[in-house]
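Listed here are the chains, written in short residue letters.
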Amino acid sequence: MTSDNALPDTEPRRETTLTIAQVAERTGLSPDTLRYYEKAGLIERVGRSTGNQRRYAAADLAWLEFLLRLRETGMSIADMQRFAQLRAAGEATVGERLAMLREHRAGLADRIRALRRNARALDTKIGHYEQLLSGQREPGPS
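Numbering of residues begins from 1 in every chain and follows the order in which that chain's sequence is written. In view of the model being predicted, local features appear only for residues whose pLDDT reaches at least 70, and side-chain atom pairs are presented and counted only at 80 or more, with totals across whole chains, interfaces and linings using the full set of residues. The basis for the side-chain values is all heavy atoms of the structure; hydrogens and waters are excluded.

Chemist: Quick question: what am I supposed to make of the packing of aromatic side chains here?
Modeler: Aromatic ring pairs are reported here in terms of the distance separating the ring centres and the angle at which the planes meet. Whether two aromatic rings pair depends on their centres lying within 6.5 Å, for rings of Phe, Tyr and Trp, where Trp uses its six-membered ring; planes under 30 degrees apart make the pair stacked, over 60 edge-to-face, and the rest tilted. Tallied over the entire structure, the rule returns 4 aromatic pairs. A connected cluster of aromatic rings, assembled from ring pairs, spans Trp63, Phe66 and Phe83.

Chemist: Can you walk me through helix α2 (residues 31-39) in this structure?
Modeler: Along an α-helix, a turn takes 3.6 residues, which lines up residues three or four apart on a common side. Residues of α2 that are buried: Leu34, Tyr37 and Glu38. Along the long axis of α2, the arc covered by the buried residues comes to 100°, so they all point the same way. Exposed and oriented more than 90 degrees from the buried face of α2 are Asp32 and Lys39. Residues count as neighbours in contact if any of their non-hydrogen atoms are within 4.5 Å of one another. Put simply, DSSP H or I for four residues or longer makes a helix, DSSP E for two residues or longer makes a strand, and each gets a number counted from the N terminus. Summarising the contacts, the buried residues of α2 are in contact with α1 (20-27), β1 (47-48), β2 (54-55), α3 (58-72) and α4 (77-89). Once α2 ends, the next one or two residues include Gly41, with phi positive near 85°. Buried residues are those whose accessible area, probed at 1.4 Å on protein chains only, stays under 20% of the maximum for their type, while exposed residues exceed 50% and partly exposed ones sit between those limits. Picture the helix axis, draw a direction to every C-beta atom, and the arc is the one those directions span.

Chemist: I tried to follow helix α5 (residues 94-134) on my own but got confused; where do I start?
Modeler: Taking 1.5 Å of rise per residue, 41 residues should cover 60 Å, and α5 covers 58 Å from first to last C-alpha, within 8% of that figure. Buried residues belonging to α5 abut α3 and α4. Phi turns positive one or two residues past the end of α5, at Gly135, with a value near 80°. In a helix, the anticipated span is given by 1.5 Å times the number of residues less one.

Chemist: Mind showing me how you'd approach the pattern of salt bridges here?
Modeler: Side-chain pairs of opposite charge can arise where the charged atoms are in close proximity. A side-chain nitrogen of Lys or Arg and a carboxyl oxygen of Asp or Glu constitute a salt bridge if their distance falls within 4 Å. All chains considered together, the criterion is met by 6 salt bridges. Arg45 is the partner of Glu38 in a salt bridge, and the nearest nitrogen-oxygen pair spans 3.9 Å. In this structure Arg45 comes out as exposed when scored by relative accessible area, which is 63%. Residue Glu38 is joined to Arg54 by a salt bridge in which the shortest nitrogen-to-oxygen separation is 2.8 Å. Remark: Arg54 occurs in strand β2 and Glu38 occurs in helix α2; sequence separation between them is 16 residues. For Arg54, a relative accessible area of 19% translates into the label buried. Overlapping salt bridges bring together Glu38, Arg45 and Arg54 as one network.

The quantities given are spatial measurements derived from coordinates; they are silent on function.
Here's what the structure looks like:
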């Protein structure tokens, strides 16, 4: 506990950073993929240690996690690059980024509906075969 009379910290606070290996472990991306993401412009150049090793800050990790969500939901690398470019350009591009995300979300909703239809078709076929195995139905076209 500090008192009101305590001297202020004279040491600058340093943000905790992560190595490429630590980020790879946390995100599931390989170090090569992380380097590719940087080269492709998906992530801005990350900070470097005095030994010239990449050091990822919390903001870098949060951005990578969002990129993974975009990738997992089917956004193309080209669209991810465009989104990253818009993000790097600053506040003036918020409307374009919002439009991109809305369009991507609409496409995702369409794919989810299609997946649900496909899952119902599979469930129907699974039920058919389970009935055949239990002897409840006569075999017919499958």
